[in-house]
Amino acid sequence: MENKPIKRSPHILVLAKDHHAGLLFCWKIKEGLKRNINLHRIKKYVNYFWEHHLKPHFGEEETLLFNQVDDNLSQQGKNEHLMLQKHIDGLNHDEKGLKGDYLEFAELLIKHIRFEERTLFPHLEQILPLPVLKNAEEYLAQQHSAPFKDDYADEFWIDKK
């Protein structure tokens, strides 16, 4: 089965590009785990990325898209956002912190991004009225004059030999 690139509506292209940053974030977590990096360092990165990227991204998706229609797929998107937030809360409140918890979080986020890209966004592009999509595009253009830049200082995922 061939994986063809997904053609995304220009109205929500910014959100789709943000998904690339999310997938890279998950890769960095997994690389840190493979390298047996202290989980406290990975936790600090997870919190940085949550505050600077994921939390605002989830808010934009919900406000601009998911809340514009009341259906099962949009509700699933919101439910998955809540579940991912709860996972981050769990990572922050569990002093022991197990590698498996971080791996599970990364895998859940990857699965969520794939759901949005392959199922939810195409669905919303079909059913949302054009004025709603244009409003989303205008808002995103104002808020995202430049793509998200992950400038986290502790690059634990890089082999520094």
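See the structure shown above.
Structural notes, computed from the coordinates. (Residues numbered from 1 in each chain as written. Predicted model: local features only at pLDDT ≥ 70, side-chain atom pairs only at ≥ 80, totals over all residues. Heavy atoms only, no water.)

The subject of this paragraph is unusual backbone geometry. Of note, asparagine 36 is a non-glycine position whose phi angle comes to about 55 degrees, a positive value. If you trace the backbone, asparagine 36 turns up in the loop between helix H1 (13-34) and helix H2 (39-64). (Helix = DSSP H or I, 4+ residues; strand = E, 2+ residues; numbered from the N terminus.)

A word on the environment of lysine 55. Structurally, the position occupied by lysine 55 is in helix H2. Of the residues examined, lysine 55 reaches a relative accessible area of 42% and is grouped as partly exposed. Each C-alpha atom, one on lysine 55 and one on histidine 81, is 8.9 Å from the other, the two residues being 26 residues apart in sequence. (Buried < 20%, exposed > 50% of the residue type's maximum accessible area, 1.4 Å probe, protein only.)

Before going further, it helps to spend a moment on the nonpolar core. Taken as a class, soluble globular proteins show a tendency for nonpolar side chains to be buried jointly. Of all hydrophobic cores here, the largest spans 27 residues; its most connected members are Phe25, Ile29, Ile42, Val46, Phe105 and Leu109. Listed by contribution, the elements that provide at least two residues to this core are H1, H2, helix H3 (72-93) and helix H4 (99-127). Looking at this core, the element that brings in the most residues is H2, giving 9 residues. Every residue in contact with phenylalanine 25, bar those within four places of it in the chain, is listed here: Tyr45, Val46, Phe49, Leu54, Phe105 and Leu109. (Core = buried A, V, L, I, M, F, W, Y, C linked by side-chain atoms within 4.5 Å. Contact = heavy atoms within 4.5 Å.)

For the rest of this paragraph, the subject is H4. The terminal C-alpha atoms of H4 lie 40 Å apart, and with 29 residues this matches the ideal 42 Å at 1.5 Å per residue to within 8%. Most pronounced at glutamate 116, the bend in H4 amounts to some 45 degrees. (Expected span 1.5 Å × (residues − 1). Bend = angle between axes of the 7 residues up to and from the residue.)

If you walk through the whole model with that rule in mind, you get 12 aromatic pairs. Ring geometry for phenylalanine 25 against phenylalanine 105: centres 6.1 Å apart, planes inclined by 80 degrees, an arrangement best described as edge-to-face. With phenylalanine 25 in helix H1 and phenylalanine 105 in helix H4, this residue pair connects regions lying 80 residues apart in the sequence. A centroid spacing of 6.1 Å and a plane angle of 50 degrees characterise the contact between tyrosine 45 and phenylalanine 49, whose relative ring orientation is tilted. Note that tyrosine 45 and phenylalanine 49 are positioned in helix H2 at a spacing of 4 residues, about one turn of the helix. Tyrosine 45 sits in the buried class, given a relative accessible area of 0%. By way of ring pairs, the aromatic residues Phe25, Tyr45, Tyr48, Phe49, Phe105, Phe148, Tyr152, Phe156 and Trp157 are connected into one cluster. (Phe/Tyr/Trp six-rings, centres within 6.5 Å; stacked < 30°, edge-to-face > 60°.)

Keep in mind these values describe shape, not function.
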